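Residue strings, one per chain:
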Protein chains: 2
Amino acid sequence: MCQLLGMNCNVPTDICFSFSGFRARGGLTDHHRDGWGIAFFEGRGVRVFLDPAPSAHSPVAELVKHYPIRSLNVIAHIRKATQGEVRLENTHPFQRELWGRYWIFAHNGNLKDFAPSLSGRFTPVGTTDSELAFCFIMDTLAQRFGDGAPTPEALFAALRELACEIGRLGEFNFLLSDGDWLFVHCSSRLCYIVRQAPFPLAHLSDEDLTVDFNEVTTPEDRVAVIATTALTDNEAWTDIPAGTLIAFQNGHPVELGPGATVAQDYPRTAAGDSSHNA
Amino acid sequence: MCQLLGMNCNVPTDICFSFSGFRARGGLTDHHRDGWGIAFFEGRGVRVFLDPAPSAHSPVAELVKHYPIRSLNVIAHIRKATQGEVRLENTHPFQRELWGRYWIFAHNGNLKDFAPSLSGRFTPVGTTDSELAFCFIMDTLAQRFGDGAPTPEALFAALRELACEIGRLGEFNFLLSDGDWLFVHCSSRLCYIVRQAPFPLAHLSDEDLTVDFNEVTTPEDRVAVIATTALTDNEAWTDIPAGTLIAFQNGHPVELGPGATVAQDYPRTAAGDSSHNA
């Protein structure tokens, strides 16, 4: 299984601490060696760093770890290849433009017999089920809403419907952002934490590293971190129930409508281990 | 004026030497301090490194200089802002997907009163004339050829026509690649060199650095380097005549049709300084 990491904040924040533990899962503390990538939104722009090499030994990861890029929305992914060779074009996260905004997508899971019909407006460059699902989502949104972005509520409802439809074909944990919103869908395993004042002393699970966020934040800062499994071993992470879509903005979940994506015929897989709490 | 750098090769080649001199133009030997970017195609995939900070002092540029990414097609750009603020979303090169391929575009020049009609399929995210021109090109190609890529000859003819049309509105030097071809349009100043065996001893213009390519290449290697002005001071660079489109593949120009884009009402600006030769 791949590893996902997302961050959504109310002020631009660097992800150096969380990334430090996360990248160790790409070849050191875990076996996801088939490349990695990370995308940082900065205003309307986005920077995507991709590397088909394992993140634990990547010079690009070394840069990202030490260069504090401050962002409101970050999506990172470490790959354990299921469909598609280990090649740059199969490395997550993927990027497209719709309605004059960049969209970034990363997926954890495996979709079986997924062969949607596409209009040609968004076409996969690589051979993963993940990029195909992303193109199908973008294609459907473009067709449904035309050339103008819908309301957040309408967008959320459409994504919930699509997550349910695609989720019938297999595991479909994903992170999707347009720079304003971070949409998080859990089909089997994802958890999150919202950090705000008084900030905790946080200790990484994958590396012996502790940070006191009070020293590097203001009392108004709020940061949501979303990950496949908890990144720290002394904080209370919240498991996202399987079959749930959550929209994050300004560092916490925002209610845009019912988030359940579980249909009756949804293939329930084991939910995430709930013993994340210290 | 911005600075452009392109590379097209017959075997994957790193651009560390040329980039070393090129990046110095972003704040050291020249005054282009408004950000920079570089895109490397690797197979069908592409890695784009962007930084709104000056390249001469950028940690990302430091990585690119020392991390030998091998590529058949590279496009780099150092920005001197004319239209659009200094922001990440206005930093070249720009990326879109069409026909299941990534397309990368960088522009040097300034288009006045450019307000094309767009279908909505490709929409600028930032506020530069450059990204608008790129979206107009992609939009026109998608409309003209539908959902399948045309022959290289038909693509070349369409690009020549578009370069001529847009070039009427101002300086329009650009580099465009889909990973297979590198299209180079000169409206005022661009030059190139094709390096092949016996390779020269090359010395940078912007930094006291010499490399003997014979030590790092095989006799079959062929590399075309395209730049706004010559990057070395002891080699013969070829000035591209103003109003010319050239298609590079496998490290040299390929004849796909007449390359002239100069119409009678084309605003002729001063051609590049022709004293590049050592």
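Not measured: the values here are computed from a predicted model. (Residues numbered from 1 in each chain as written. Chains lettered and ligands numbered in written order. Predicted model: local features only at pLDDT ≥ 70, side-chain atom pairs only at ≥ 80, totals over all residues. Heavy atoms only, no water.)

So, on to the sheet that holds strand S3 (residues 45-51) of chain B. Residue and element names in this part refer to chain B. The strand order across the open sheet built from 7 strands is S3-S2-S4-S1-S12-S9-S13, with neighbouring strands paired in antiparallel fashion. Pairing within the sheet leaves two strands with one partner each, and these edge strands are S3 and strand S13 (238-239). Sheet analysis places strand S2 (residues 36-42) next to S3, joined by 7 bridges and oriented antiparallel. The residue of S3 that forms the bridge with Ala 39 is Val 48. (Pairing = 2+ DSSP bridges. Helix = DSSP H or I, 4+ residues; strand = E, 2+ residues; numbered from the N terminus.)

Let us look at the packing of helix H1 (residues 16-24) of chain B against helix H2 (residues 59-66) of chain B. Each pair of packed helices can be summarised by the angle the axes make with each other and by the distance between the axes. All names here are of chain B. The geometry of H1 relative to H2 is characterised by a closest axis approach of 8 Å and an angle of 150 degrees between their N-to-C directions. One element, H1, and the other, H2, form an angle in the roughly antiparallel class. Across the interface between the two elements, Cys 16, Phe 19, Ser 20 and Arg 23 from H1 touch Ala 61, Glu 62, Val 64 and Lys 65 from H2. Per-class residue counts for the contact of H1 with H2 are 4 nonpolar, 1 polar and 3 charged. (Axes fitted to C-alpha atoms, helices over the stretch in contact; angles between N-to-C directions. Parallel < 35°, antiparallel > 145°, perpendicular 65-115°, else oblique. Contact = heavy atoms within 4.5 Å. Nonpolar A, V, L, I, M, F, W, Y, C, P; charged D, E, K, R; others polar.)

Relative to the elements of secondary structure, Asp51(B) occurs in strand S3. On the basis of relative accessibility, which here comes to 1%, the residue Asp51(B) falls in the buried class. For the pair Asp51(B) and Trp36(B), spaced 15 residues apart in the sequence, the C-alpha separation amounts to 5.5 Å. Dropping the residues within four chain positions of it, Asp51(B) is found in contact with Arg47(A), Tyr67(A), Gly35(B), Trp36(B), Ser58(B), Pro59(B), Val60(B) and Thr91(B). Side chain to side chain, Asp51(B) and Ser58(B) meet in a polar contact 2.8 Å long. (Buried < 20%, exposed > 50% of the residue type's maximum accessible area, 1.4 Å probe, protein only. Polar contact = N/O pair within 3.5 Å; in protein donor to acceptor, adjacent residues only side chain to side chain.)

A separate point is the interface of chain B and chain A. On the chain A side, the residues contacting the 34 residues of chain B number 34 residues. At the surface where chain B touches chain A, the tally comes to 4 salt bridges. Note that Arg96(A) and Glu97(B) form a salt bridge whose closest N and O atoms lie 3.1 Å from each other. Joining chain B to chain A, the criterion identifies 17 residue pairs in polar contact (both at pLDDT 80 or more). Within the residue set of the side of chain B that touches chain A, elements represented by two or more residues are S3, H2, strand S5 (94-98) and strand S6 (101-108) of chain B. Broken down by element, the side of chain B that touches chain A gets its largest block of residues, 7 residues, from S3(B). Tallied by class, residues from the side of chain B that touches chain A come to 15 nonpolar, 7 polar and 12 charged. (Salt bridge = Lys/Arg side-chain N within 4 Å of Asp/Glu carboxyl O.)

A few words on the state of the cysteines. Counted by the stated rule, this structure contains 0 disulfides over all chains. Looking at Cys135(A), it has no disulfide partner, and the nearest cysteine sulfur is the one in Cys2(A), 17 Å off. (Disulfide = S-S within 2.5 Å.)

With that settled, consider the relation of the copies chain B and chain A. Taken as rigid bodies, chain B and chain A are interconverted by a rotation of 180 degrees and an axial shift of 0.0 Å, the fit giving an RMSD of 0.0 Å. Interpreted geometrically, this transformation is the action of a two-fold axis. (Least-squares fit on C-alpha atoms with pLDDT ≥ 70 in both.)

Tallied over the full model, the rule gives 5 cavities of 30 Å³ or more. By volume, the largest cavity amounts to about 260 Å³. If you go around the largest cavity, you meet 23 residues; those closest to its centre are Val48(A), Gln95(A), Val46(B), Val48(B) and Gln95(B). Sorting the residues of the lining of the largest cavity by element identifies strand S3 (45-51) and strand S5 (94-98) of chain A together with S3 and S5 of chain B as the ones contributing at least two each. No other element matches the 5 residues that S3(B) contributes to the lining of the largest cavity. Here the lining of the largest cavity is composed, by residue class, of 14 nonpolar, 5 polar and 4 charged. Counted as a void, the second largest cavity has a volume near 80 Å³. Forming the walls of the second largest cavity are Arg96(A), Glu97(A), Arg121(A), Phe122(A), Arg96(B), Glu97(B), Arg121(B) and Phe122(B). (1 Å grid on protein atoms, 1.4 Å probe; cavity = no way out; pocket = protein on both sides within 12 Å on 5 of 7 lines; lining within 4 Å. Points joined across faces, edges and corners; volume = space filled by probe spheres on them.)

Moving on, we come to the pattern of salt bridges. Summed over all chains, the structure comprises 22 salt bridges over all chains. Residues Glu89(B) and Arg87(B) are paired through a salt bridge, measuring 2.8 Å at the closest nitrogen-oxygen approach. Of the residues examined, Glu89(B) reaches a relative accessible area of 7% and is grouped as buried. Between Arg96(B) and Glu131(B) there is a salt bridge whose closest N-O contact spans 2.8 Å. With Arg96(B) in strand S5 and Glu131(B) in helix H3 (residues 129-145), this pair connects stretches of sequence that are 35 residues apart. The structure contains a network of salt bridges with shared partners spanning Glu42(A), Arg47(A) and Asp51(B).

Residue and element names in this part refer to chain A. On the secondary structure map, Ser 187 appears in the loop between strand S8 (182-186) and strand S9 (191-196). Classification of Ser 187 as buried rests on a relative accessible area of 2%. Side-chain polar atoms of Ser 187 contact the backbone nitrogen of Phe 172, separated by 2.7 Å.

Treat this as a map of the structure, not an account of what it does.
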